[in-house]
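Chain by chain, the residues:
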Amino acid sequence: MSTDIAQALKDLANAKALAASATRRLAHAGLTAGQAAYFALLTEEMTQELTRTQVHAAAALRSTGAHKLDQESFQAITDLGPDPTIEEIDAAKGRTTTGRTHFKDAKGLMTGWLDIPRSTAAARLVQADCLLGGVDEAGEPTEPWLPELAVQFEDPGIDPRLVASAAMKLHSVRKDLGEGKAAEAKKQQLQAESAAFLRSEPKSARKHINDLVAQVKAGKRPLKALLDGIGIFKRGMRKGLVEYLVRVLPSQSAYIEAYFANLDNPSTVAGNRQGLKDVDAQFTGGETSGWDDEDSMPDWAKDRPGEEDIEDIEDIEDDPPDEDDHHSEEEDIHPENEDLHSEEDGLPTEDVSTEAELASGEWEDLKPERRRLVGFMALLMSERRPNGSPPEQQAGFASSQVSVILDWEKMQEQAEDFAVTSSGIQLSPGEARTVLCTAGVLPVVLNGRSLPLDLGRTQRLFSKAQVRALRAAYRGCSYPGCSMPAQRCEADHLDPWEKGGRTDIESAVLNCLIHHTARHCGLFHAVKIPGSRPMVLLPPELDPEQKLRVNTYFMTPAEALEAEALAEETTVRWRAGLLDVEIAEP
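Note that this is a predicted model, so its numbers are computed, not measured.

(A) Just the environment of serine 532, in detail. Relative to the assigned elements, serine 532 resides in the loop between strand E7 (525–528) and strand E8 (535–537). Overall, serine 532 belongs to the partly exposed group, its relative accessible area being 26%.

See the structure below:
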């Protein structure tokens, strides 16, 4: 057994050397496009495997008490170098001591000897507890806290980075679950739902698991407690910027999201890029369309000789703590702030800019966060008319039209998610009643048979009523994982008009500009399902399983699970020849 362990460690050392050698050669080689793609694929697969290795290594450090190794043992391990023999590895077994050592525990060893950040070290140990098992106070091994995710963590077909990050999110609510059988049942439900998301649609799993955790942390808090927590809080000056923290009710958030959706749309007056640029210039000194020539510019807007453009590097990370700061393990991990796609997890962060935005105008290099601030400042700076009404619509002024989808059956069952906005925000019964009392209600009946929403061959383009119905039903782009909201999508004919297709609701989907074009280029297929919403069939190179899929990004977790189950069932019936589906022409 000892020789097997030594051989495995030797293989790991060889793998490190091979990876380094291959990288040096490939970095200066004339790769073809195909070779570059294979290079990137191998690198990501290797990174995934490395995530498993890191968690297993952390668990091994703790279970063996490696932090108690004496000085001679650490020196012997260091002396092994990058290319040791099996005999040298076998001889460096190490010797622990009961005396004073350099490190207090496994986390201290990882931080002090391996130079792993404290938060990362703490996170790996928590992931080991959840996915591999831990050690109790008596030194006896314990079972994984999340056994179902533990199985997925070792599954080569599932990205272990997603599983490890999901485990961290679920671990962060352990105190909110309480104790007893009810708490254990709730934990098992969270674990099962998280595993289902990771297995069915990893791209949307991040969002839905975050939503599940947020629901647990929110609980059924009384309205007074919610109202006590909302507001705009000034956090002070930091790195030359003034920070504010905004906390709002879900119903208020729905209006903000609707405002952002309109502001992000470059085809509207409110989202006009040049107009927003003019507003931004009032604070930054940039050029605007209102200056005919340099003579008409104010002094602060003119280029000053000798000044060079300086690249603006955003730094939103916290300042590193002083070395002598003392932090608890809870502070190291920061479970409340951790996102499933954070860089610390080793996962790529999602780009909040959309592909359609990047292709739509000259000012799209401005980040959406800054663009939305510009619109907000335009509201604050507006001069209102004598009667108190806002000025004529201009850049930055967006009307917030919120669509709320009420599910009658869920309302009868008193389900928590019976009222959901088109952006996927769940409203409480009280908030839903308030919206019905104060808003202009546009009723939209889904799955009705006598709706005047079919135009047949009488009209080429979809009507406003049809588009409103499509937005309420589908909420966003049909492509799995796409985060483009319905307001930025186009109604897409599944039956080509030029070949006799009809402008009917049952033959339409919503697609963003990018995926609308991609579908007509044959890069993926829309599939018409009898009695159900259209689904998507991705090409084999993107989905070897060739499953029918639905974009669940704008759904609540409960809705997403139901939609995924329907897609699975539909796929099985289709393959068994029990369902007559129609793959739409590009």
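Picking up where we left off.
(B) Geometry of the sheet that holds E8. Read across the open sheet, the four strands follow the order E9-E8-E7-E10; overall the sheet is antiparallel. What marks the edges here is a single partner per strand, and that holds for strand E9 (548–549) and strand E10 (582–583). Here E7 runs beside E10; their pairing, made up of two bridges, is antiparallel. The partner of valine 527 across the bridge, within E10, is isoleucine 583.

(C) Spatial organisation of the nonpolar core. By size, the foremost hydrophobic cluster in this structure holds 42 residues, and its most contacted members are Leu131, Leu149, Val163, Leu190, Leu198 and Ile529. If you list the elements that add at least two residues to this core, you get helix H2 (33–64), helix H6 (118–131), helix H7 (147–153), helix H8 (160–171), helix H10 (181–200), helix H11 (202–218), E8 and helix H22 (557–575). For this core, the element with the highest residue contribution is H8, accounting for seven residues. Other than its neighbours up to four places away in sequence, leucine 149 contacts Leu131, Val163, Ala167, Leu170, Gln191, Ala195 and Leu198.

(D) Seen up close, a nonpolar patch on the surface. A surface patch of nonpolar side chains, about 670 Å² in accessible area, is lined by Ile232, Met237, Val242, Tyr244, Val246, Val248 and Ile256. Of all the secondary-structure elements, those providing two or more residues to the nonpolar patch are strand E1 (231–238) and strand E2 (241–247). Broken down by element, the nonpolar patch gets its largest block of residues, three residues, from E2. Along the polypeptide, isoleucine 256 turns up in helix H13 (residues 250–263). Judged by its relative accessible area of 34%, isoleucine 256 is partly exposed.

(E) Local environment of empty space enclosed by the protein. Under the criterion given, the structure shown has two cavities of 30 Å³ or more. For the largest cavity, the calculated volume is near 80 Å³. Forming the walls of the largest cavity are Tyr474, Cys477, Ser478, Val509, Arg533, Pro534, Met535, Val536, Arg549, Val550 and Asn551. Counted by class, the lining of the largest cavity contains seven nonpolar, two polar and two charged residues. Taken together, Ser200, Lys547, Leu548, Arg549, Glu564, Ala567 and Glu568 make up the lining of the second largest cavity. Take the lining of the second largest cavity: its biggest share by element is three residues, from H22.

(F) Fine view of the packing of H10 against H11. Put simply, H10 and H11 touch, their axes get as near as 7 Å, and they point 165° apart. Classified by the interaxial angle, the pair formed by H10 and H11 is roughly antiparallel. For H10 against H11, the interelement crossing comes out right-handed. Of the residues in H11, those in contact with Lys186, Leu190, Glu193, Ser194, Phe197, Leu198 and Ser200 of H10 are Pro202, Ala205, His208, Ile209, Leu212 and Val216. Within the contact of H10 with H11, the residues separate by chemical class into eight nonpolar, three polar and two charged.

What counts, and where the lines are drawn
- Residues numbered from 1 in each chain as written.
- Predicted model: local features only at pLDDT ≥ 70, side-chain atom pairs only at ≥ 80, totals over all residues.
- Heavy atoms only, no water.
- Helix = DSSP H or I, 4+ residues; strand = E, 2+ residues; numbered from the N terminus.
- Buried < 20%, exposed > 50% of the residue type's maximum accessible area, 1.4 Å probe, protein only.
- Pairing = 2+ DSSP bridges.
- Core = buried A, V, L, I, M, F, W, Y, C linked by side-chain atoms within 4.5 Å.
- Contact = heavy atoms within 4.5 Å.
- Patch = residues over 30% accessible without salt bridge, like charges linked within 9 Å, V, L, I, M, F, W, Y side chains within 5 Å.
- Areas by Shrake-Rupley, 256 points an atom, 1.4 Å probe, with all protein chains shown as cover.
- Salt bridge = Lys/Arg side-chain N within 4 Å of Asp/Glu carboxyl O.
- 1 Å grid on protein atoms, 1.4 Å probe; cavity = no way out; pocket = protein on both sides within 12 Å on 5 of 7 lines; lining within 4 Å.
- Points joined across faces, edges and corners; volume = space filled by probe spheres on them.
- Nonpolar A, V, L, I, M, F, W, Y, C, P; charged D, E, K, R; others polar.
- Axes fitted to C-alpha atoms, helices over the stretch in contact; angles between N-to-C directions.
- Parallel < 35°, antiparallel > 145°, perpendicular 65-115°, else oblique.
- Left-handed = near helix turned anticlockwise from the far one by under 90°.

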